[in-house]
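Spelled out from the first residue to the last, the chains are:
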Amino acid sequence: MHKVIGHVSRNLAGNIRTEELANEVNLSTGHFFRAFKATMGETPHSFVVRQRVRRAQQMMLETGDTLSEIASACGLTDQAHLTRLFKRMVGTTPLVWRRRWQDDGAADLACGARA
């Protein structure tokens, strides 16, 4: 799993295919998918999406980049895509979340909040 997690982390800005992840650990795609879900409790796709949202949270706190720049850097199509996923996972929009956590100065707690 360390190899797979590392690969995901290094390649969040791009397209991450299940075949690539399976190759990292020398498994067939089907076997990898089942093993990943059993080990991590979620599908590889869900894991990647969650990691992208977490990276977006980190970037929102540490940079002054626009949400569209952050979305692109996290491998998402556009700001609307980021907003949809973020709201589904975190429960609020990226803009509201960013303002709240920047105002509170609680950057260390924010990235572990709900995503």
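For the structure itself, consult the block above.
Residue numbering note: each chain is counted from 1, following its sequence as written. Local features in this predicted model are restricted to residues of pLDDT 70 or higher, and side-chain atom pairs are both shown and tallied only at a pLDDT of 80 or more, whereas totals for entire chains, interfaces and linings draw on every residue. In computing side-chain values, all of the structure's heavy atoms are included and hydrogens and water are not.

Visitor: Just to check I follow, could you spell out the overall build of the chain for this structure?
Guide: In this text, helices come from DSSP runs of H or I with a minimum length of four residues, and strands from runs of E with a minimum of two, each type numbered from the N-terminal end. Regarding its fold elements, the chain presents eight helices and zero strands. Looking at the 115 residues of the chain, the share that counts as buried comes to 37%. A fraction of 51% describes how many contacts in the chain between residues 6 or more apart in sequence connect residues 24 or more apart. Reported accessibility uses the Shrake-Rupley method at a 1.4 Å probe radius. Residues are deemed covered only where the shown protein chains occlude them. Summed over its atoms, the accessible surface of the chain is roughly 6,600 Å², and 48% of this surface lies on carbon and sulfur atoms. When accessible area is computed with a 1.4 Å probe and restricted to protein chains, residues below 20% of their type maximum are described as buried, those above 50% as exposed, and intermediate ones as partly exposed. Here a residue-residue contact requires only that any non-hydrogen atoms of the pair lie within 4.5 Å.

Visitor: Would you take a moment to explain the nonpolar core for this structure?
Guide: Most often, soluble globular proteins have nonpolar side chains that are buried together. Throughout, nonpolar core names a set of buried Ala, Val, Leu, Ile, Met, Phe, Trp, Tyr and Cys residues whose side chains join them through atoms within 4.5 Å. Ranked by size, the top nonpolar core spans 17 residues in total, and within it A56, M60, I70, L82, F86 and W97 carry the most contacts. No other element matches the six residues that helix α4 (residues 44-62) contributes to this core. Not counting residues within four places of it along the chain, the set of residues in contact with F86 comprises V53, Q57, M60, G91, T92, T93, P94 and W97. Counting ten residues, the second largest nonpolar core, distinct from the first, contains V4, L12, A22 and F47.

Visitor: Got a minute to help me understand the pattern of salt bridges in this structure?
Guide: Here, a salt bridge means any side-chain nitrogen of Lys or Arg that lies within 4 Å of a carboxyl oxygen of Asp or Glu. Per the stated rule, a full pass over the model turns up two salt bridges. Between R17 and E19 there is a salt bridge, with the nearest N and O atoms lying 3.5 Å from each other. On the accessibility criterion, R17 (44% relative accessible area) is partly exposed. E19 gets classed as partly exposed once you look at its relative accessible area, which sits at 35%. In this structure, the salt-bridge partner of R50 is E42, at a minimum N-O distance of 2.2 Å. Judged by relative accessible area, which is 15%, E42 ranks as buried.

Visitor: Teacher, can you tell me more about the packing of aromatic side chains here?
Guide: For any pair of aromatic rings, the description consists of the separation of the ring centres together with the inter-plane angle of the planes. Only Phe, Tyr and Trp rings are paired, with Trp represented by its six-membered ring, and only when their centres lie within 6.5 Å; those with planes under 30 degrees apart are stacked, over 60 edge-to-face, the remainder tilted. Evaluation of the coordinates by the stated rule reveals four aromatic pairs. Ring geometry for F86 versus W97: centroids 5.7 Å apart, planes at 70°, classification edge-to-face. Note that F86 is positioned in helix α6 (residues 79-90) and W97 in helix α7 (residues 94-104), a separation of eleven residues in sequence. When the ring of W97 is compared with that of W101, the centres are 6.2 Å apart and the planes differ by 45°; the resulting orientation is tilted. With W97 and W101 both in helix α7 and four residues apart, this pair spans about one turn of that helix.

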